[in-house]
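# Inside the fold
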Amino acid sequence: MIPRRTLGKTGVEVTCLGLGGEGVLRTFGREREARNVIARALDLGVNYFESARAYSGSEEYYGLALGERRREIFLTSKSHDRTAAGARLHLETTLANMQTDWLDLWQVHDLRSEEDLAEVFGPGGAIEAFDRAKREGLVRFVGVTGHQDPAILLKAFELYDFDTVLMPVNPAEAAWLSFPEAVLPEARRRKMGVIGMKVLCRGLGLQVPGWGEPEPWIRYALAQEVSTLVVGCDDPQQVEQNLAAARLAPLSQQECRQMEAAVAPWARQLMYYK
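Described below are features of the structure shown in this document. Predicted model only: the values in this text are computed from it and were never measured. (Residues numbered from 1 in each chain as written. Predicted model: local features only at pLDDT ≥ 70, side-chain atom pairs only at ≥ 80, totals over all residues. Heavy atoms only, no water.)

## A short note on the overall build of the protein chain
Counted only if it meets this: Think of it this way: any DSSP run of H or I at least four residues long counts as a helix, any run of E at least two long counts as a strand, and we number them from the N terminus. Between the two quantities, the radius of gyration covers C-alpha atoms and the globule rule is 2.2 Å times the number of residues to the power 0.38. Residue exposure (1.4 Å probe, protein chains only): buried if accessible area is under 20% of the type maximum, exposed if over 50%, otherwise partly exposed. Throughout, a contact is declared for two residues whenever any of their heavy atoms are within 4.5 Å. Every accessible area reported is derived by Shrake-Rupley at a probe size of 1.4 Å, with residue values counting cover from the shown protein chains alone. Working convention for charge: Lys and Arg count positive, Asp and Glu count negative, and His plus the chain ends are omitted. A charge is said to be at NZ when it belongs to Lys, at CZ for Arg, at CG for Asp and at CD for Glu.
For the protein chain, the helix and strand inventory stands at 12 helices and 10 strands. What you see for the protein chain is a C-alpha radius of gyration of 17 Å, in line with the 19 Å of a compact globule of 274 residues. By principal-axis analysis of the C-alpha atoms, the protein chain measures approximately 50 × 40 × 30 Å. Residues classed as buried in the protein chain amount to 57% of the 274 residues present. Within the protein chain, counting contacts between residues at least 6 apart in sequence, those at least 24 apart form 76% of the total. Split by element, the accessible area of the protein chain, about 11,300 Å² in all, is 49% carbon and sulfur. Of note, the protein chain has its 32 positive side-chain charges centred 2 Å away from the centre of its 37 negative side-chain charges.

## Structural notes on the pattern of salt bridges
Note the cut-off: Every case where a carboxyl oxygen of Asp or Glu lies within 4 Å of a side-chain nitrogen of Lys or Arg is listed as a salt bridge.
Under the definition given, this model contains 25 salt bridges. In this structure, lysine 9 engages aspartate 161 in a salt bridge whose closest nitrogen and oxygen atoms are separated by 2.6 Å. In this pair, lysine 9 is assigned in the loop between β1 (4–6) and β2 (13–15) and aspartate 161 in the loop between α6 (150–159) and β8 (164–168), connecting sequence segments 152 residues apart. Judged by relative accessible area, aspartate 161 falls into the exposed class, the value being 54%. Here arginine 70 makes a salt bridge to aspartate 104, at a shortest N to O gap of 3.1 Å.

## A word on the packing of helix α9 (residues 214–222) against helix α10 (residues 236–246)
Heads up, the condition is: Note on method: axes are straight lines fitted to C-alpha atoms, helices fitted across the in-contact stretch only, with angles between N-to-C directions ranging 0 to 180 degrees. Roughly parallel refers to an angle under 35 degrees, roughly antiparallel to one over 145, roughly perpendicular to one between 65 and 115, and oblique to any angle outside these ranges. Handedness of a crossing follows from how the near helix is turned relative to the far one, being left-handed for an anticlockwise turn of less than a right angle and right-handed for a clockwise one. Just so you know the grouping, Ala, Val, Leu, Ile, Met, Phe, Trp, Tyr, Cys and Pro go in nonpolar, Asp, Glu, Lys and Arg go in charged, and all remaining residues, Gly too, go in polar.
Remark: α9 packs on α10, axes separated minimally by 8 Å, with the N-to-C direction vectors making an angle of 50 degrees. The angle between α9 and α10 falls in the class oblique. Considering how the two elements wind past one another, α9 and α10 form a crossing that is right-handed. In this structure, α9 uses Pro214, Glu215, Ile218, Arg219 and Leu222 to contact α10, whose residues at the interface are Gln241, Asn242, Ala245 and Ala246. Residue classes in the contact of α9 with α10 are distributed as five nonpolar, two polar and two charged.

## Section: the nonpolar core
Heads up, the rule is: We define the nonpolar core as a collection of buried residues of types Ala, Val, Leu, Ile, Met, Phe, Trp, Tyr and Cys that are connected through side-chain atoms lying within 4.5 Å of one another.
Membership of the largest hydrophobic core comes to 80 residues, with the highest contact counts inside it found for Phe49 and Phe162. Beyond its immediate sequence surroundings of up to four residues, phenylalanine 49 is in contact with Leu19, Ile38, Ala41, Leu42, Tyr62, Ile73, Phe74, Leu75 and Thr76. Listed in part, the 11 residues of the second largest apolar core include Val12, Phe141, Leu166 and Met197.

## Digging into helix α11 (residues 253–263)
Working note: α-helix, 3.6 residues per turn, so residues spaced by three or four point in the same direction. To keep it simple, the criterion reads: The arc in question is the one traced by the directions running from the helix axis out to the C-beta atoms.
Listed in full, the buried residues belonging to α11 are Cys256, Met259, Glu260 and Val263. Taken around the axis of α11, the buried residues stretch over an arc of 100 degrees, which confines them to a single face. Summarising the geometry of α11, the exposed residues directed more than 90 degrees from the buried face are Gln254 and Ala261. Looking at the buried positions of α11, the neighbouring elements they touch are α9 and α12 (267–270).

## With respect to the environment of valine 231
Tracing the sequence through the fold places valine 231 in strand β10 (residues 228–233). Take valine 231: its relative accessible area is 7%, and that puts it in the buried class. Separated by 38 residues in sequence, valine 231 and glutamine 269 place their C-alpha atoms 19 Å apart.

## Some words on the packing of aromatic side chains
Selection criterion: Centres within 6.5 Å make a pair out of two Phe, Tyr or Trp rings, where for Trp the six-membered ring is used; the pair is then stacked when the planes are under 30 degrees apart, edge-to-face when over 60, and tilted otherwise.
By the definition in use, this model includes seven aromatic pairs. Between the aromatic rings of phenylalanine 49 and tyrosine 62, the centroid separation amounts to 6.0 Å while the plane-to-plane angle is 85 degrees, which identifies the pairing as edge-to-face. One end of the pair, phenylalanine 49, is in strand β4 (residues 48–50); the other, tyrosine 62, is in helix α2 (residues 58–66), and 13 residues separate them in sequence. No difference in accessibility class separates phenylalanine 49 from tyrosine 62, as the two residues are buried. Ring geometry for tyrosine 272 versus tyrosine 273: centroids 5.2 Å apart, planes at 85 degrees, classification edge-to-face. The class for tyrosine 272 is partly exposed, based on a relative accessible area of 30%. The class for tyrosine 273 is buried, based on a relative accessible area of 5%.

Structural data, given as structure tokens:
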């Protein structure tokens, strides 16, 4: 069994590791491989699945693969459009692509700057579409994501009562502009579900000498106060390998500090997303 955790104030129990919308899913024309990855995650008990309007054919792969099993899972996507009209069109496209009538979680994608905040939360901004969709029952919960500047996410928290936050969680973060240090305490105070991403630093972490397996990276992230993690996969074997790590105990605090120190010389390169 995959351990489950509560997704903050949503009250939903989710597997501590979910399937990310990247990897083979962030492609076009690879339906067979994508369906195999989704099917393996389903068969192994994963119940948290994510995508984004920006992730190439990812949403459509889910629509092809889920079928009647859609009701068994917690399905999420994102919109990067900053306007209410554009975000609404994204939602309509997402629902059609995923062949579903609703999303469990819809997220404002990749807030980076003060300009983003002004657009999203200003008159006619995307947050109007997110709030309307929640009131209409097209989405159950609304979240926000970011991986460039922790201060921007903290400001977003003040502007809307988000249910969840998706942010980077990996040992390189400790070296500079740490999301876990800056954002995690406030998210927990607000009882938000916390979803970790960039867990393997898009695979770059596995190139650090002595840290070439996903197990310590996943166990490190699970040692933080997160509800779940999302990791993209290229094939079913990666799904199996990641889930094997998720079933183990998280690293101890001492082990986390040791890993942070070990990867520190490569931290800036690993945080390519900032």
